[in-house]
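Structural characterization, general
Now for the letters of each chain:
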Number of protein chains: 2
Amino acid sequence: MSEHEGGRGRPPFPTAGHRQSLRAPALRPGDVVGVVAPAGPVDREALGRGLRLLEEWGLRPVPGDSVHASRGYLAGPDAVRAADVNRFLRDPGVKAVVAARGGYGTLRILGSLDLAVLRRQPKILAGFSDLTALLLAAWEEVGLVTFHGPMLEVRDPSGMPAYNREGLRRALFGEAFPGEIPWPDAPDAPQPVTIRPGVARGRLVGGNLEVFTRLVGTPWHPRTAGAILVLEDVDEAPYRVDRMLVHLRLAGLLDRVAGVVFGDSPSCMTAPAGRPSLTLLEVLEDHLAPLGVPVLYGFPCGHSRYRATLPIGAMAELDAGAGRLRVLEPATAPAGA
Amino acid sequence: MSEHEGGRGRPPFPTAGHRQSLRAPALRPGDVVGVVAPAGPVDREALGRGLRLLEEWGLRPVPGDSVHASRGYLAGPDAVRAADVNRFLRDPGVKAVVAARGGYGTLRILGSLDLAVLRRQPKILAGFSDLTALLLAAWEEVGLVTFHGPMLEVRDPSGMPAYNREGLRRALFGEAFPGEIPWPDAPDAPQPVTIRPGVARGRLVGGNLEVFTRLVGTPWHPRTAGAILVLEDVDEAPYRVDRMLVHLRLAGLLDRVAGVVFGDSPSCMTAPAGRPSLTLLEVLEDHLAPLGVPVLYGFPCGHSRYRATLPIGAMAELDAGAGRLRVLEPATAPAGA
C-alpha cells in the first residue's frame, strides 16, 4: 500500500501511515475469545447476551476474572483487570480479546499491559469508548489494526441491534474489509452532516475524544498526520468538546490530519441547563472547518443506538460530501494465519 | 535563591525551579488595572462589585471590550477576547491584567496572546480556574510569577468574603509574600486532610486540574519536576479526577513533584446518581500517596467559598502533616520598579 496518503506536501515527521501495520488473523468457528473488563464493572445478565451472541457465531468466549469484580467505578482492582488482559494477550490459544464494557479505567492499567507480545502473536482486540486507550496504545506501540465497535455487555433485553451485530461479526470473521461501512437502514438512523466536503484518504485513528486526548503527551501520544481522525463522545457539553478539540489543536494533532469523521454524539448537543452555549455543530465548525480537509459529522460510530465497527489503523477513504466512509484494505490476516 | 529545591536526586530534565523567575512590580494606589474576560461572558452587575473593590483600594480598573461581549459560553469572539488581553499586556500604562471571570475559553486564544512582551515589561496577571491556561503559559513562556485567586465577577450581593479580598489585596500590593497562606478563621472553613505527611519545598505550579491537563503536550507543557503541584477542580466526578491524574502520571508530570496540594473541591466528591464510585479521597490516595511526597487535600484554593491567592511560580514550603503552606519569597518586585 502507498504511504502518506492524505498528506498535503511532505510531512516533517512520520505520518500515521508511516509504518507497516500488523493484522491479526480473522476468527473462525471454534476460536477462543478472551472477554475482559479493563474499565467499569459489568452487569452479568447483560454480558450473558453478548456471550450468547459469540456462541451463536460458533466462538468460545472465556470471561476473565474482572468481568465479575468491582471496586467503585472499576471492574475490580487494577491488578485484576491488568492480569486478565495480559493473560489473554499472552495465551496463544486465545484468538481475540474483546471488552465487555467501557466506562472508565483502561488508562489506569495501560502502563501494565504486555502489548509487546502482540508483535509476534497479533490477535484481534475489540472495544469501544474507554477502550480507545487500549486500541490506540496497541496501534502506537506495535502497529496492530484493532476494532472500535460494539461491546459484549448488551443492556437492551431485545439484544444488540442487527446493524451493530452484523458489523462486528463481519469484522471479526474478516468479511467486512475492504469495503464500505454502511449507514443503518432504519428510520432512527443518524443523518450525515457535512461540515466540509471533499474526499480524503488516510488511516483511521481515534475513538472516544475524551480518552483520545488523555493519550496526548504520554508514551502512546497519537500520531495523526495523514490520518482520518475518527472521534465521538458522550455526555460532554459543547464547551467540553470545544476544550478537547482545542487541546488537540494546541498539541499539533490537528495540523496534518487528512480528514475528520465525528461520530453521532447526540448527548453532546446539550449545554448545562440555563447556560448560554455554542451548539456542537458550531464547535466543530469553529475548530475543524478551518483545517481545510473533509469533515463529516454524524457517522454511526458514537454512543447512540447504531455503532459501526471501525478498523483503527486501516487505510480508508472519506467522502464527506456524500457521507461515505470506505475501508480500502483488509483489517485482518487470513483466519488461522 | 537555590535551585532544584524539592528534587530527589538529580533530575534528568530541567525542574520547575530551573530558571530565574520574573516578578511584576507590586501595585500602588493610582495604578491602572486592565480587566479582561478571556473565557465566559460576564454579568455586569456582579462585575460592578469587583470594580468597586479595586476602586476602594485606590486602583483604576479599565474594563476591556470582552467584559461586555458574549458568544455562547464565550465573552465574545476569540479575536475580541485576545485583543483585550494583548492591548493591556502591551500598554505600559497598565500595571496589572485581572480576569473578570473564568468558565471556558482562555485555551482558545492562548496561541494568539503576546506573552513575550512580559519579558521586558512584566506585569501582574491574576485569575482563577480557566485562567490557569494564561497563568501557566506566562510561567512556562517567560517565567513570570502570576496569581491564582479570586476574580472580579462577584456574584454574592454581600460581596467577596473578607478572606478572599484580603488575600488578593495583599498579593497585588506586594504585602502577602513571603509569608504563610493562612486558613480562613471561620466555622465553614475547609479542613485540612493529610493524604501523606511530610515537608517539601518547591515552586507552586498548577491551578485548575482540568485546564492544567489541557496544556499537556502543548507548547506550554507544564514542567513539574521539583514543584509543589497545586490542583483543584469543580463539578468533576471522582472518576474524572481519576482520569486526569492518570493523564498527568502517564505524561510523566507526577514523577518528580516535590509535593501536592489539592484544593478544597467539594463538588468533585459526588458521583453520578446511582453509579458506584470511589470517593475523591480514595482517588487521591490511589494516585498521589504512592508518589512518596507530602500530599495535602482541602486547602482553601478551590471552587468553594474561600479562595486564597496563590503565587504561581514562587518558591513555597508545604507541611502536609500540619496543613501549612508558606511562600518563601516575594512574588512581586517593589512597586514602581
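The preceding data block contains the structure.
First, a word on scope: everything that follows refers to the structure included in this document. All of these numbers come straight from a predicted model, not from anything done at the bench. (Residues numbered from 1 in each chain as written. Chains lettered and ligands numbered in written order. Predicted model: local features only at pLDDT ≥ 70, side-chain atom pairs only at ≥ 80, totals over all residues. Heavy atoms only, no water.)

**Quick notes on unusual backbone geometry**
- With an omega dihedral of 0 degrees, the bond running from A:F177 to A:P178 counts as a cis peptide bond.
- When you line up the elements, A:P178 lands in the loop between helix 6 (162-172) and strand 6 (179-180).
- Even without glycine at this site, B:D235 takes up a positive phi of about 55 degrees.
- Inspection of the secondary structure puts B:D235 in the loop between strand 9 (228-232) and helix 8 (238-250). (Helix = DSSP H or I, 4+ residues; strand = E, 2+ residues; numbered from the N terminus.)

**Notes on helix 2 (residues 78-90) of chain B**
- With 13 residues, helix 2 of chain B extends 18 Å between its outermost C-alpha atoms, agreeing within 8% with the 18 Å of an ideal straight helix rising 1.5 Å per residue.
- Along helix 2 of chain B, the positions that sit buried rather than exposed are B:R81, B:A82, B:D84, B:V85, B:N86, B:F88 and B:L89. (Expected span 1.5 Å × (residues − 1). Buried < 20%, exposed > 50% of the residue type's maximum accessible area, 1.4 Å probe, protein only.)

**Considerations on the pattern of salt bridges**
- The full count for this structure, using the stated rule, is 46 salt bridges over all chains.
- Note that A:E140 is salt-bridged to A:R223, the shortest N-O span being 2.8 Å. Here A:R223 lies in the loop between helix 7 (209-213) and strand 9 (228-232) and A:E140 lies in helix 5 (residues 132-142), a separation of 83 residues in the sequence.
- A relative accessible area of 25% means that A:R223 is categorised as partly exposed.
- Between B:R81 and B:D78 there is a salt bridge, and its shortest N-O distance comes to 2.9 Å. With B:R81 and B:D78 both in helix 2 and 3 residues apart, this pair spans about one turn of that helix.
- Because the salt bridges share partners, they merge into one network encompassing A:R71, A:D78, A:R81, A:R108, B:D242 and B:D286. (Salt bridge = Lys/Arg side-chain N within 4 Å of Asp/Glu carboxyl O.)

**Here's the deal with the environment of A:V62**
Residue and element names in this part refer to chain A.
- Secondary-structure assignment places V62 in strand 2 (residues 60-63).
- Under the relative-accessibility criterion, V62 is labelled partly exposed at 27%.
- Spatially, the C-alpha atoms of V62 and G34 are 5.0 Å apart, while their sequence positions differ by 28 residues.
- Residue contacts for V62: discarding those within four places in its chain leaves V32, V33, G34, V35, R87 and F88. (Contact = heavy atoms within 4.5 Å.)

**Topic: helix 1 (residues 44-56) of chain B**
Residues and elements named next belong to chain B.
- Taking 1.5 Å per residue, 13 residues should reach 18 Å; helix 1 reaches 18 Å between its end C-alpha atoms and fits that length.
- Tucked inside the fold, the buried residues of helix 1 contact strand 1 (32-36), strand 2 (60-63) and helix 6 (162-172).
- Here helix 1 starts with a cap whose side-chain oxygen sits 3.3 Å from the backbone nitrogen of E45, and that cap is D43. (Polar contact = N/O pair within 3.5 Å; in protein donor to acceptor, adjacent residues only side chain to side chain.)

**Points about the sheet that holds strand 5 (residues 146-148) of chain B**
Residue and element names in this part refer to chain B.
- Strand order in the open sheet formed by 6 strands is 2-1-3-4-5-12, with mixed pairing between adjacent strands. Strand pairing shows two members of the sheet lacking a second neighbour, strand 2 and strand 12 (310-312), which therefore form its edges. The average angle at which neighbouring strand axes cross in this sheet is 25 degrees, direction not considered.
- In terms of strand pairing, strand 5 meets strand 12 through 3 bridges, oriented antiparallel. Following the sheet pairing, F147 is matched in strand 12 by P311.
- On top of the sheet, helix 2 reaches strand 1, strand 2, strand 3 (94-99) and strand 4 (124-127); it is set at about 165 degrees to strand 1, its chief contact. (Pairing = 2+ DSSP bridges. Axes fitted to C-alpha atoms, helices over the stretch in contact; angles between N-to-C directions.)

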